[in-house]
Amino acid sequence: SSSSGDEALRDKYARIRSRGLPKQKSIEGVKQVVVVASGKGGVGKSATAVNIALALAANDSTKEVGLLDADIYGPSIPKMMNLKGNPELTPKNLMRPLKNYGIACMSMGFLIEETAPVVWRGLMVMSAVEKLLRQVDWGQLDYLVIDMPPGTGDVQLSISQNIPIAGAVIVSTPQDVALLDAHRGAEMFRKVRVPVLGLVQNMSVFQCPKCKHETHIFGADGVRDLAKSLGLDILGDIPLHVNIRETCDSGQPVVISQPQSDAAKAYLKIAMEIVRRLPVPPA
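Parameters at a glance
Residues numbered from 1 in each chain as written. Predicted model: local features only at pLDDT ≥ 70, side-chain atom pairs only at ≥ 80, totals over all residues. Heavy atoms only, no water. UniProt positions renumbered as here; feature names shortened; annotations may be inferred. Helix = DSSP H or I, 4+ residues; strand = E, 2+ residues; numbered from the N terminus. Buried < 20%, exposed > 50% of the residue type's maximum accessible area, 1.4 Å probe, protein only. Contact = heavy atoms within 4.5 Å. Areas by Shrake-Rupley, 256 points an atom, 1.4 Å probe, with all protein chains shown as cover. Pairing = 2+ DSSP bridges. Axes fitted to C-alpha atoms, helices over the stretch in contact; angles between N-to-C directions. Arc of directions from axis to C-beta. Salt bridge = Lys/Arg side-chain N within 4 Å of Asp/Glu carboxyl O.

Under an unreviewed UniProt entry, the protein has the name Iron-sulfur cluster transfer protein NUBPL and belongs to Dasyornis broadbenti. Heading Subcellular location (unreviewed entry) of the UniProt record for the protein holds this comment: "Mitochondrion". Annotation of the protein in UniProt includes, under Function (unreviewed entry), the sentence "Iron-sulfur cluster transfer protein involved in the assembly of the mitochondrial membrane respiratory chain NADH dehydrogenase (Complex I). May deliver one or more Fe-S clusters to complex I subunits."

S.K.: Quick question: what am I supposed to make of the overall build of the protein here?
M.R.: Helix and strand content of the protein: 10 helices and 10 strands. Expressed as a percentage of the 283 residues in the protein, the buried residues total 47%. Long-range contacts, defined here as pairs at least 24 residues apart, represent 76% of the contacts in the protein between residues at least 6 apart. Approximately 14700 Å² of the protein is accessible, and the part contributed by carbon and sulfur atoms is 52%.

S.K.: Where do I start with the sheet that holds strand 10 (residues 234-237) in this structure?
M.R.: Hydrogen bonds between backbone atoms are what pair the strands of a sheet, whose relative direction is either parallel or antiparallel. Spatial ordering of the open sheet is given by 3-4-2-5-1-6-7-10, a layout of 8 strands whose pairing is mixed. The open sheet has two free edges, formed respectively by strand 3 (98-100) and strand 10, since each of these has just one partner strand. Strand-to-strand twist in this sheet, taken as the mean axis angle between neighbours without regard to direction, amounts to 25°. The strands touched by helix 2 (residues 45-59) within the sheet are strand 1 (30-37), strand 2 (65-69), strand 4 (103-107), strand 5 (141-147), strand 6 (167-172) and strand 7 (196-201), with strand 5 carrying the most contacts at an inclination of about 170°.

S.K.: Quick question: what am I supposed to make of helix 8 (residues 242-249) here?
M.R.: Think of an α-helix as 3.6 residues a turn; residues three or four steps apart then line up on the same face. Within the sequence span of helix 8, burial applies to I244, T247 and C248. Buried residues of helix 8, seen end-on, are gathered within an arc of 100° and therefore sit on one face of the element. Check the buried side of helix 8 and you find it contacts helix 2, helix 3 (77-80), helix 9 (254-257) and helix 10 (262-277). Two residues or fewer after helix 8 comes G251, characterised by a positive phi angle close to 75°.

S.K.: Help me understand unusual backbone geometry in this model?
M.R.: Glycine aside, negative phi is the norm for most residues, and most peptide bonds take the trans geometry. Unusually for a residue other than glycine, N93 sits at a positive phi of about 65°. In this structure, R193 is a non-glycine residue whose phi angle is positive, near 60°. Residue position: R193 is located in the loop between helix 6 (176-191) and strand 7. For R193, a relative accessible area of 77% corresponds to the exposed category.

S.K.: Looking at this structure, how should I read the pattern of salt bridges?
M.R.: Working definition: two side chains of opposite charge can pair if their charged atoms are close together. For the structure shown, the criterion picks out 8 salt bridges. A salt bridge links K31 to D142, with the nearest nitrogen and oxygen atoms 3.7 Å apart. Here K31, found in strand 1, pairs with D142, found in strand 5; they are 111 residues apart in sequence, far enough to count as distant. Under the relative-accessibility criterion, K31 is labelled partly exposed at 41%. Note that R190 and E187 form a salt bridge whose closest N and O atoms lie 3.8 Å from each other. Of this pair, R190 and E187 both sit in helix 6, separated by 3 residues, roughly a single helical turn.

S.K.: What exactly am I supposed to notice about the pairing of strand 2 here?
M.R.: Regular strands show a simple pattern: their side chains alternate between the two faces of the sheet. Counted residue by residue, strand 2 has 5 buried out of 5 residues, so it is predominantly covered. Across the two faces of strand 2 the burial is the same, with V65, L67 and D69 and G66 and L68 all buried. As defined by bridge partners, strand 2 adjoins strand 4 across 5 bridges and the pair is classed as parallel. Paired with L68 across the two strands is M106, which belongs to strand 4. Bridge count between strand 2 and strand 5: 5 bridges; the pairing is parallel. Looking at strand 5, one finds that L67 is bridged to V145.

Structure follows, in structure tokens:
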């Protein structure tokens, strides 16, 4: 019959697709991986990833946290975490992460000159991603935060399909153009069966330091509306504040340098919300 023929064809295509997908393999020593992503560049994703990693450690001093910069073309973690130098190699020829503020960090920025452009085609980029995933000695980590490059391309798909990810956090400003790309990012993770823990609304409001008047420069509640339409949670709001930019630029992120500030408290709350939504880690 026609229906049984269609069903057989669907089964055949499903088998072909399953053969084409790589088998997921966990990163040795890492209990849970959390990816921080955005559909669009320029929404403060890296600053959010850095401060989330620091907040995870600050909220629970018994937890070991790592930070992987997966943005091959524009690595920013070295500057934000105030780290320079080349990783040492272990006897097993694995790279040792550089460490600051108690966070183990790895980035393409440690392997190239600070101002050198990465002029690579896709295969070389994927090879670099594979090295950052598989040739790093992370020791024992409770959480590895991965700062994903913006968009929904090869790097994002490769990471999502190669390693088990406990959850994804999507960062967006309330601006309509950014929200469109954030929506695409959420759908991409759903297609590759990565649970989306929730959305972070970044640069949500600007408060004048003199008169305290609040202005929604990029719009109000756009990310909240998107979260509602997707059936997702809002993990928190990060204000548009000069301290966040200045502290990241100086290599002293706000969670570490100004822990009592409203911005730091917002990141600490987001980190708590992330942990609350994560599955129970393996023993």
